[in-house]
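# Structural description and commentary
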Amino acid sequence: FSPLSWFEDRSGRAWTVSDSGIHRLDGGRFERVRFRAPDNVQRFTDGTFDRTGTLWVYSDREGLLRASGDSLVPMVAVHDSASPHARVMSDTKGRIWLAESHSVAVYDAGRLTRYEARDGWPGRVQVLFEDRAGNVWGAATGGLCKFDGSGCRVLPRRQELPGRLTLGVAEDADGAWWVAIRNGVVRLPP
């Protein structure tokens, strides 16, 4: 199978989604985890676990689904069917973030709030990231931005990353950010 994204559960076990389903690493090999799902669910593009340990996945046809027992329950429909690939992230407050092709949405306690380009998101968001202080960031085709409660505040040009396109972000134990960009990896001190 060809993994489309990687994520981990609360115990640190690796999971992935692919064209062929949802897989977890058990005993050194990936095994498919089977869920009952709506008939039109065909392909998953990303997944995450929330702070309670519940699995959430995004399907290119159905949108956001939540695991309940051995079933996947539809929660939020696909917003942009022209480009249904999405990134999914759970933050420490229990919210589920969706980065679709032209918007970012936050699913919180059964309510969905969507933010479009006019709310400051600079292009297609490739990566969603929560720093240790609880701030949510979006790395988009047009730069790095920080969610401010009503939209996204883009870092000024003098602070932007080389190449602008960010492919991944991780924060280490010292608070430094490690940012994967098109040409390599950049370390940003705390």
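Worth saying up front: this structure is predicted, and the values here are computed from it rather than measured. (Residues numbered from 1 in each chain as written. Predicted model: local features only at pLDDT ≥ 70, side-chain atom pairs only at ≥ 80, totals over all residues. Heavy atoms only, no water.)

## Notes on the overall build of the chain
What the chain contains, in helices and strands, is 0 helices and 19 strands. On C-alpha atoms alone, the chain measures out to a radius of gyration of 16 Å, which is about the 16 Å that the 2.2 N^0.38 rule sets for 190 residues. Its C-alpha atoms put the chain at 50 × 35 × 30 Å along the principal axes. A buried classification covers 44% of the 190 residues belonging to the chain. Sequence separation of 24 or more characterises 35% of the internal contacts of the chain that already satisfy a separation of 6 or more. Accessible surface computed for the chain: about 9900 Å², of which carbon and sulfur atoms make up 46%. Side-chain charges in the chain split into 26 positive and 24 negative, and the spacing between the mean points of these groups amounts to 2 Å. (Helix = DSSP H or I, 4+ residues; strand = E, 2+ residues; numbered from the N terminus. Rg over C-alpha atoms; globule rule 2.2 N^0.38 Å. Buried < 20%, exposed > 50% of the residue type's maximum accessible area, 1.4 Å probe, protein only. Contact = heavy atoms within 4.5 Å. Areas by Shrake-Rupley, 256 points an atom, 1.4 Å probe, with all protein chains shown as cover. Lys, Arg positive; Asp, Glu negative; His and termini not counted. Charge placed at Lys NZ, Arg CZ, Asp CG, Glu CD.)

## Here's the deal with the sheet that holds strand E6 (residues 55–59)
Sheet strands pair by backbone hydrogen bonding; their relative direction is either parallel or antiparallel. Strand order across the open sheet formed by 4 strands is E5-E6-E7-E8, with antiparallel pairing between neighbours. This sheet does not close on itself; its edge strands, each paired only once, are strand E5 (44–49) and strand E8 (71–76). Between one strand axis and the next, the sheet turns through 30° on average, direction left out of account. Strand direction decides the pairing type here: E5 and E6, joined by 5 bridges, are antiparallel. Each residue of the ladder has a partner; that of Phe-49, found in E6, is Leu-55. (Pairing = 2+ DSSP bridges. Axes fitted to C-alpha atoms, helices over the stretch in contact; angles between N-to-C directions.)

## Notes on the pattern of salt bridges
For the structure on display, the rule yields 8 salt bridges. With a shortest N-O distance of 3.3 Å, Arg-36 and Asp-70 are connected by a salt bridge. Of this pair, Arg-36 sits in the loop between strand E4 (29–33) and E5 while Asp-70 sits in the loop between strand E7 (63–68) and E8, placing them 34 residues apart in sequence. Residue Arg-36 is classed as exposed on the basis of its relative accessible area of 55%. Note on Asp-70: relative accessible area 39%, which makes it partly exposed. Across the pair Arg-95 and Asp-91 runs a salt bridge whose closest N-O atoms are separated by 2.6 Å. Given the relative accessible area of 14%, Arg-95 is considered buried. Several salt bridges converge on common partners, so that one network encompasses Asp-9, Arg-13, Arg-24 and Asp-26. (Salt bridge = Lys/Arg side-chain N within 4 Å of Asp/Glu carboxyl O.)

## Things to note about the environment of Ser-71
Structurally, the position occupied by Ser-71 is in strand E8. A relative accessible area of 14% places Ser-71 in the buried class. Sequence-wise, Ser-71 and Glu-116 are 45 residues apart; in three dimensions their C-alpha atoms are separated by 31 Å. Once residues lying within four places of it in the same chain are set aside, the contact partners of Ser-71 are Phe-35, Arg-36 and Arg-66. Separated by 3.1 Å, the side chains of Ser-71 and Arg-36 make a polar contact. (Polar contact = N/O pair within 3.5 Å; in protein donor to acceptor, adjacent residues only side chain to side chain.)

## Some thoughts on the state of the cysteines
For the coordinates displayed, the defined rule picks out 1 disulfide. With a sulfur-sulfur separation of 2.1 Å, Cys-145 is cross-linked through a disulfide to Cys-152. Taking the sign of the S-S torsion, 115° for the link of Cys-145 and Cys-152, the bridge is right-handed. As far as the burial class goes, Cys-145 and Cys-152 line up, both buried. (Disulfide = S-S within 2.5 Å.)

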